[in-house]
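This is what each chain is made of:
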Amino acid sequence: MSEQRIHREAPLEVVAPMTVIAGVTAPARWPRRRRVAATVLLAALVVVVGATARWPLSVAPLWTVLTAGSVVLSSLALALFVPSSGAGWRPDPGCAPCAIVGLALAVAGPWLAIETAHDGSRAAFALVLSGAALARRLTEPPVCERP
């Protein structure tokens, strides 16, 4: 009985396994909250692109594939703003100036693909923007450094 009470009173620390690839430290598995957010954002972006540009698979297959990649990368980058489990519901911006750049790039990728619908070169640039947003979000510091 005393072991159970001690166990209940002791704070629980959940440490996710970490993976280090090329200097980037990331959790081995995203929290459920972020996975759900990524899925919802992906669905929302697909609906927005589908409603505005019509996803012409047979007319512009290159644009379609590049735009799909841009939408996936942007949804992953935007999902990283969702706080991890146990951190409340306040968005997790990290270092504010760095987060603005990542957010702008994550929004600019699909927007550019929509604005220049059916243009493969612009869709490739949108894919680069979305990839940069995800890379920036994964590598930016959790808090701003002091000058």
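Everything below is about the structure printed above this text.
Quantities reported herein were computed from a predicted structural model and do not represent experimental measurements. (Residues numbered from 1 in each chain as written. Predicted model: local features only at pLDDT ≥ 70, side-chain atom pairs only at ≥ 80, totals over all residues. Heavy atoms only, no water.)

## Here's the deal with the packing of aromatic side chains
Line of reasoning, step 1. With the rule as written, the count across this model stands at zero aromatic pairs.
Line of reasoning, step 2. One residue, Arg137, lies across the ring of Phe81, its end atom 4.0 Å from the ring centre. (Phe/Tyr/Trp six-rings, centres within 6.5 Å; stacked < 30°, edge-to-face > 60°. Lys NZ or Arg CZ within 6 Å of the ring centre and 35° of its normal.)

## Observations concerning the environment of Pro141
Line of reasoning, step 1. Among the secondary structure elements, Pro141 is positioned in the segment after α5 (120-139).
Line of reasoning, step 2. Pro141 gets classed as partly exposed once you look at its relative accessible area, which sits at 28%. (Helix = DSSP H or I, 4+ residues; strand = E, 2+ residues; numbered from the N terminus. Buried < 20%, exposed > 50% of the residue type's maximum accessible area, 1.4 Å probe, protein only.)

## Things to note about the environment of Val59
Line of reasoning, step 1. Here Val59 is to be found in the loop between α2 (32-53) and α3 (61-79).
Line of reasoning, step 2. According to the relative accessible area criterion, Val59 is exposed, its value standing at 67%.
Line of reasoning, step 3. Residues Val59 and His118 lie 59 residues apart in sequence; the distance between their C-alpha atoms is 8.2 Å.

## A look at unusual backbone geometry
Line of reasoning, step 1. In the Ramachandran plot, His118 falls in the positive-phi region, its phi being about 75° despite a non-glycine side chain.
Line of reasoning, step 2. Turning to its location among the elements, His118 is positioned in the loop between α4 (96-115) and α5.
Line of reasoning, step 3. On the basis of relative accessibility, which here comes to 40%, the residue His118 falls in the partly exposed class.

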